[in-house]
Structure formats: C-alpha cells, structure tokens
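# Examination of the molecular architecture
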Amino acid sequence: MGRVRLRAVEISADAMVVLGALPIQRARQTYRKRLLAELTGSPYPSRMDIRGPSLGEEGEDRFARCEQELEAAFQALVWKAVAAGWDEGEACVAIASLADHHILAMHFGDQTGVAIRKLKG
C-alpha cells in the first residue's frame, strides 16, 4: 500500500456550510450538529429584504426571480433549524410540508369563496 500524506487546513465552519463540505450522512450527523452548535450565529442576517417582481416579468422569469429572492431566507430558516438540533433533511421536509399545507389552504379557501358566492346567488 502507498503512503497517504495529509495536510491540516483551517477553514471556518461557515465556509464549510456554504461549500457543502460538512458531512450529510446519518453516521456523521452528530459531528455536523456539534460543529453547527459551536457557531455563534447564522451567517445569514436575521432580517432580509425580499424584493418584488419587476414590471412585465412573467412566466418562468418571474418564478426564477421569486425563487432567487426567497433563497437566502429559506437557507437562514434551515440553518436555524439545524442549529436548534433538527436534522437538515427533517427541516427541509417540514418546510415543504408547510408549503403544501399552505397551498391546500389557499385552494380550499378559494373553493369556499366560490361556494358562498353561489349560495348568495
């Protein structure tokens, strides 16, 4: 067998998160949580401005811009959940579930409005 030479490199935990270098596998979650717990705070500001769409922006462009505007807030929310001890996957699935429930509530709210208008005739 050949020899392996390792060199110690110091990198901040924030950089490791941004670069995706922290281990994601279940076996390494304890290490990841401990490292994240040692951080003094989120790399994302607590209040982030979300800009609205530009005039004339439609379709895929509008969706892509909305996604870009929400991404930092989403990442900050996931970060806060992981720092609190939740698994990254659990946090993402919970956020997706909340979004699904919100869409269902919007849909059924619309249906209820239509039914009430029909009853009022």
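Residues numbered from 1 in each chain as written. Predicted model: local features only at pLDDT ≥ 70, side-chain atom pairs only at ≥ 80, totals over all residues. Heavy atoms only, no water.

Below, the discussion takes up the confidence of the model for the protein. Summary statistics for the protein give a mean pLDDT of 75 and a share of 60% for residues scoring 70 or more. Contacts of residues 15–19 to residues separated by more than four positions or lying in other chains number 8 contacts, the stretch itself having pLDDT below 50. Note that pLDDT drops below 50 for residues 21–27; the model gives that stretch 12 contacts with residues more than four away or on any other chain. (pLDDT = per-residue confidence, 0-100. Contact = heavy atoms within 4.5 Å.)

Another aspect to go through is the side chain of Asp87. Summarising the element assignment, Asp87 is placed in the loop between α3 (59–83) and α4 (88–120). What makes Asp87 buried here is its relative accessible area of 9%. Within the local environment of Asp87, its side chain forms a polar contact with the backbone nitrogen of Gly89, the two atoms lying 2.8 Å apart. (Helix = DSSP H or I, 4+ residues; strand = E, 2+ residues; numbered from the N terminus. Buried < 20%, exposed > 50% of the residue type's maximum accessible area, 1.4 Å probe, protein only. Polar contact = N/O pair within 3.5 Å; in protein donor to acceptor, adjacent residues only side chain to side chain.)

This brings us to the packing of α3 against α4. Their axes nearest at 9 Å, the elements α3 and α4 cross at an angle of 130°. Put simply, α3 runs oblique to α4. Crossing of α3 against α4: the hand is right-handed. Within the contact between the two elements, α3 uses Phe74, Leu77, Val78, Ala81 and Val82 and α4 uses Glu88, Ala91, Cys92 and Ile95. (Axes fitted to C-alpha atoms, helices over the stretch in contact; angles between N-to-C directions. Parallel < 35°, antiparallel > 145°, perpendicular 65-115°, else oblique. Left-handed = near helix turned anticlockwise from the far one by under 90°.)

End to end, α4 covers 48 Å across 33 residues, agreeing with the expected 48 Å (1.5 Å per residue, within 8%). Two to three positions downstream of the cap, the backbone nitrogen of Gly89 sits 2.8 Å from a side-chain oxygen, assigning the N-cap of α4 to Asp87. Of the residues trailing α4, Gly121 is marked for its positive phi of about 60°. (Expected span 1.5 Å × (residues − 1).)

Moving on to the pattern of salt bridges. Using the criterion set out here, one finds 2 salt bridges in the structure. For Arg51, the salt bridge identified is with Glu69, shortest N-O distance 2.8 Å. Of this pair, Arg51 sits in the loop between α2 (29–38) and α3 while Glu69 sits in helix α3, and the two are 18 residues apart along the sequence. Classification of Glu69 as buried rests on a relative accessible area of 12%. Notably, a salt bridge pairs Arg65 with Glu69, separated by 3.0 Å at the nearest N-O pair. Of this pair, Arg65 and Glu69 are both found in helix α3, 4 residues apart, which corresponds to roughly one turn of the helix. Taken together, the salt bridges that share partners define one network made up of Arg51, Arg65 and Glu69. (Salt bridge = Lys/Arg side-chain N within 4 Å of Asp/Glu carboxyl O.)

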